[in-house]
Amino acid sequence: MKIQIAVLLSGRGSNFKAILNAIQTKYIINAEISLVVSNNIDAPGLVYADAKNIETLYMDKSLHNDRESFDRVIIEILQKKRIDLVCLAGYMMLISPCFVNAFKNRIMNIHPSLLPSFPGLNAQKQALEYGVKVAGCTVHFVDDHMDHGPIIAQSVVIIEDNDTEDSLSKRILEEEHRIYPEAVKLFVEKRLLVEGRKVKILGR
Ligand code: GRF
C-alpha cells in the first residue's frame with residue numbers, strides 16, 4: 001500500500017510540483033499524492049493538480065464560522081481517504097489544534113527562512129532588512145504554533161551584497177524544491193523519529 005499524501009496550498013504550487021516530480025521520477029518510491037486541497041479556487045497549484053488528474057478540493061472559508069469547523073471538514077475528508085502525510089506547501093491559513101492532533105507528526109510545512117529566525121510572512125524580506133549574511137529554508141513538522149515545530153531539514157543560502165527580495169527568494173526556492181522532496185522521502189521510508197523538538201534521521 002502506497003503512502004497517501006495530501007498537499008494543501010493557496011497559490012503557485014511550485015513545492016507541490018517538486019514533490020510530485022520526485023514521485024514521478026521515482027526519487028520517492030511507494031507514495032502518491034492523492035489529494036490537493038486549497039482555500040483559493042484560482043490557485044495555480046490547484047489548477048495544475050486538476051490538469052494532472054489528481055483529485056482536488058476547494059474549501060471556501062466564507063462558508064464556515066470559524067477555523068476549527070473549516071478544519072474539521074478537511075480532517076474528515078483526509079481521514080476518509082486514509083491520508084498518511086499532509087504537506088503544507090504555501091498554504092496561507094493557520095491550521096487549528098484539532099488538525100494538528102488528528103495528524104500528529106504527520107503534517108509538514110516549508111518555510112523560506114532558517115527557523116527560528118524570521119517566521120511569518122515575507123521571510124526573505126525580513127532576512128534582507130535584518131542584514132543577516134545567510135538565509136535559507138526549513139522543512140518542519142507542524143505543531144500548535146506558526147512556523148515552529150520540530151525541524152526535519154534546512155538549507156543555507158548565502159546572501160549577496162546586491163540581493164533583492166526577488167533574487168534571494170529565487171535562490172531559496174531552488175533549495176526548497178530540493179529539501180522538501182527529501183524530507184517527504186525520509187517520511188515515506190519511515191526514517192524520521194520525533195523526540196521532543198528533535199527529529200532523528202534513521203539510517204544515516
Ligand atoms: C514558498 O516560499 C514556501 O516556503 C512558503 O510559501 C511559498 C510557496 O511557494 N511557505 P509555492 O506555492 O510552493 O510555489
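An account of the accompanying structure is given in this report. (Residues numbered from 1 in each chain as written. Predicted model: local features only at pLDDT ≥ 70, side-chain atom pairs only at ≥ 80, totals over all residues. Heavy atoms only, no water.)

1. Description of the nonpolar core
Soluble globular proteins tend to bury their nonpolar side chains together.
Point 1. One finds Ile-5, Ile-33, Met-108 and Val-184 to be the most contacted residues of the largest nonpolar core, which totals 44 residues.
Point 2. The leading source of residues in this core is helix α6 (residues 165–188), at nine residues.
Point 3. Of the domains in this structure, domain 1 (1–103) and domain 2 (109–204) are the two that each give at least three residues to this core.
Point 4. Judged by nonpolar contacts, the second largest core, of 22 residues, contains Leu-57, Ile-74, Val-86 and Phe-103. (Core = buried A, V, L, I, M, F, W, Y, C linked by side-chain atoms within 4.5 Å. Buried < 20%, exposed > 50% of the residue type's maximum accessible area, 1.4 Å probe, protein only. Helix = DSSP H or I, 4+ residues; strand = E, 2+ residues; numbered from the N terminus. Domains from an automatic or database assignment.)

2. Thoughts on the site of the ligand
Point 1. Lining the immediate surroundings of the ligand are Arg-12, Gly-13, Ser-14, Asn-15, Gly-90, Ile-110, His-111, Pro-112 and Glu-176.
Point 2. In the environment of the ligand, an oxygen atom lies 2.5 Å from a nitrogen or oxygen atom belonging to the side chain of Arg-12.
Point 3. Backbone polar atom of Asn-15 to an oxygen atom of the ligand: 2.9 Å apart, as the coordinates give it.
Point 4. Of all the secondary structure elements, the ones that give two or more residues to the shell around the ligand are α1 (14–24) and β5 (107–111).
Point 5. Counted by class, the shell around the ligand contains two nonpolar, five polar and two charged residues.
Point 6. Each of two domains, domain 1 (1–103) and domain 2 (109–204), supplies a minimum of three residues to the shell around the ligand. (Near = heavy atom within 4 Å. Polar contact = N/O pair within 3.5 Å; in protein donor to acceptor, adjacent residues only side chain to side chain. Nonpolar A, V, L, I, M, F, W, Y, C, P; charged D, E, K, R; others polar.)

3. Some remarks on the sheet that holds strand β1 (residues 3–9)
Point 1. On the basis of which strands lie adjacent, the open sheet formed by seven strands has the order β3-β2-β1-β4-β5-β6-β7 and mixed pairing. Unpaired on one side and paired on the other, β3 (56–58) and β7 (151–158) mark the two borders of the sheet. Across the sheet, the mean angle separating the axes of adjacent strands is 20 degrees when strand polarity is ignored.
Point 2. Bridge count for strand β6 (residues 134–141) against β7 is seven bridges, and the pairing is antiparallel. Residue pairing across strands places Cys-137 opposite Ser-155, the latter belonging to β7.
Point 3. This element, α1, spans β1, β2 (31–38), β4 (85–88) and β5 of the sheet and lies at about 160 degrees to β2. (Pairing = 2+ DSSP bridges. Axes fitted to C-alpha atoms, helices over the stretch in contact; angles between N-to-C directions. Contact = heavy atoms within 4.5 Å.)

4. Some details on the packing of aromatic side chains
Point 1. Under the criterion given, the structure shown has three aromatic pairs.
Point 2. Judged by centre distance (6.2 Å) and plane angle (80 degrees), the rings of Phe-16 and Tyr-48 are edge-to-face. Placement of Phe-16 in helix α1 and of Tyr-48 in helix α2 (residues 44–51) is noted, with a sequence separation of 32 residues between them.
Point 3. Look at Tyr-48 and you get partly exposed, because its relative accessible area is 27%. (Phe/Tyr/Trp six-rings, centres within 6.5 Å; stacked < 30°, edge-to-face > 60°.)

5. Observations concerning the packing of α1 against α6
Point 1. Two elements in contact, α1 and α6, have axes separated by 9 Å at closest approach and are oriented at 50 degrees. The angle between the axes of α1 and α6 places the two elements in the oblique class. Note that α1 runs across α6; the crossing there is right-handed. For the pair formed by α1 and α6, the contact residues are Ser-14, Asn-15, Ala-18, Ile-19 and Ala-22 on the first element and Leu-173, Glu-176, His-177, Tyr-180, Pro-181 and Val-184 on the second.
Point 2. For the contact of α1 with α6, a count of residues per class yields seven nonpolar, three polar and one charged. (Parallel < 35°, antiparallel > 145°, perpendicular 65-115°, else oblique. Left-handed = near helix turned anticlockwise from the far one by under 90°.)

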